[in-house]
Amino acid sequence: MVGDLSNAHDVSRAIAGADTVLHLVSTTLPKNSNDDPIYDVQSNVVASLHILNAMVTQKVRNIIFISSGGTVYGNPIYLPINESHPTNPLVSYGITKLAIEKYLQMYERLHGIRAITLRVSNPYGERQRVETAQGAIGVFVYNALKNIPIEIWGDGTVMRDYIYVSDVAETFVKALTYRGEHRVFNVSSGIGTTLNALIDMLEAVIGKSVERRYLPGRPFDVPVSVLCNDLGRGELGWTTLVSMPEGIARTVEWMRRELAQS
Ligand SMILES: NC(=O)c1ccc[n+]([C@@H]2O[C@H](COP(=O)([O-])OP(=O)(O)OC[C@H]3O[C@@H](n4cnc5c(N)ncnc54)[C@H](O)[C@@H]3O)[C@@H](O)[C@H]2O)c1
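No experiment lies behind these values; they were computed from the predicted model shown. (Residues numbered from 1 in each chain as written. Predicted model: local features only at pLDDT ≥ 70, side-chain atom pairs only at ≥ 80, totals over all residues. Heavy atoms only, no water.)

S.K.: Just checking my understanding: could you explain the packing of aromatic side chains for this structure?
M.R.: Aromatic rings in a pair are described by how distant their centres are and how their planes are angled relative to each other. Here the structure, examined in full by the defined rule, presents two aromatic pairs. With a centroid separation of 5.6 Å and an interplanar angle of 70 degrees, the aromatic rings of Y124 and Y164 are classed as edge-to-face. Linking Y124 in strand 4 (residues 122–124) with Y164 in strand 7 (residues 162–164), this pair joins segments that are 40 residues apart in sequence. Residue Y124 shares its accessibility class with Y164, and that shared class is buried. Lying over the aromatic face of W238, R233 brings its terminal NZ or CZ to 5.9 Å of the ring centre. (Phe/Tyr/Trp six-rings, centres within 6.5 Å; stacked < 30°, edge-to-face > 60°. Helix = DSSP H or I, 4+ residues; strand = E, 2+ residues; numbered from the N terminus. Buried < 20%, exposed > 50% of the residue type's maximum accessible area, 1.4 Å probe, protein only. Lys NZ or Arg CZ within 6 Å of the ring centre and 35° of its normal.)

Here it is in structure tokens:
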């Protein structure tokens, strides 16, 4: 089914007869959301309210919303960041994610819609889109295999919490049947990896070194983002299964197949 989240009719059609809505749509990226916050609000917050209103009308009782563990917290006050860490996003993308989370909670209070938020850290793996440059691993793997220098914003010490895509998907499945009292979960590996360490791992997997070009850092990149995943492990009964070297190796294999076909 094809449709536009900003179109109430399309949304209504999409959720007809559903038990649960898994909300993965985002019209913006962290890096471009500050360019036009009005668009960010209209196309994400207002559009998400269309979903919630349609759910009320059609008596769809559950929603799982994919939020952003990398942006809703802002600069960390302590590490690893747990779900009760203050939320001071540096980008509109994080503000709108947070606003949607709050509306989910409001609709739960007012209309009994069970709403689970998953604050995903930095997912990577097969089928990650290279062209949007959302996520370092997809771009780095592509460049390494094409012998294009890897550009690093900053000195490469920026630390992120990378999680393999199938481990993320597993939390969606667990959230579908969760009936406990918690509503917001970090979805992360809980392990911090710097960009420099990431490239070291990539070089080990592909068996050659890649050229690194260091560029000025970006003001909206928090220096460190590592999320505590204890709550999700305990409540959702979930765990990460794919290590970074294994996940990078799988991503490299997939990208090699893609490039061979193009
Ligand atoms: N990729 C990441 O690093 C990351 C990290 C944390 C959270 N997230 C969140 O996970 C979700 C999926 O991320 P992704 O990386 O797969 O992003 P993506 O941009 O690949 O996927 C977003 C999807 O939304 C669809 N979409 C956009 N505008 C739409 C509209 N008006 N109507 C209907 N559909 C529309 C797009 O076609 C696309 O399929 C997003 O909500 C994103 O914010 C992503």
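After that view of the structure, there is still more to cover.
S.K.: Explanation requested: the pattern of salt bridges in the structure shown.
M.R.: Oppositely charged side chains can form a pair if their charged atoms are brought close together. Taken as a whole and judged by the stated rule, the model has nine salt bridges. A salt bridge links R256 to E253; the shortest N-O distance between them is 3.3 Å. Of this pair, R256 and E253 are both found in helix 9 (residues 244–261), three residues apart, which corresponds to roughly one turn of the helix. (Salt bridge = Lys/Arg side-chain N within 4 Å of Asp/Glu carboxyl O.)

S.K.: Sorry, what's going on with the layout of surface pockets here?
M.R.: In this approach the atoms are scanned with a rolling probe the size of a water molecule, which exposes any empty space left behind. Roughly 300 Å³ of internal volume is contained in the second largest pocket. Lining the second largest pocket are 17 residues, and of these L5, V11, A14, V25 and I51 lie nearest its centre. Secondary-structure elements contributing two or more residues to the lining of the second largest pocket are helix 1 (8–15) and strand 1 (20–23). Residues of the lining of the second largest pocket, tallied by class, amount to 12 nonpolar, three polar and two charged. (1 Å grid on protein atoms, 1.4 Å probe; cavity = no way out; pocket = protein on both sides within 12 Å on 5 of 7 lines; lining within 4 Å. Points joined across faces, edges and corners; volume = space filled by probe spheres on them. Nonpolar A, V, L, I, M, F, W, Y, C, P; charged D, E, K, R; others polar.)

S.K.: Even after reading the chapter, I still don't get the packing of helix 7 (residues 195–206) against helix 9, so can you show me in this structure?
M.R.: Any two packed helices are characterised by the angle at which their axes cross and by the distance between the axes. Contact pair helix 7 / helix 9: the axes reach a minimum separation of 10 Å and the direction vectors enclose 60 degrees. Taken together, helix 7 and helix 9 sit at an angle that is classed as oblique. Viewed along their axes, helix 7 and helix 9 form a crossing whose handedness is right-handed. Touching L198, M201, L202, V205 and I206 of helix 7 are M244, P245, I248, A249, V252 and R256, all from helix 9. Partitioning the contact of helix 7 with helix 9 into residue classes produces 10 nonpolar, no polar and one charged. (Axes fitted to C-alpha atoms, helices over the stretch in contact; angles between N-to-C directions. Parallel < 35°, antiparallel > 145°, perpendicular 65-115°, else oblique. Left-handed = near helix turned anticlockwise from the far one by under 90°. Contact = heavy atoms within 4.5 Å.)

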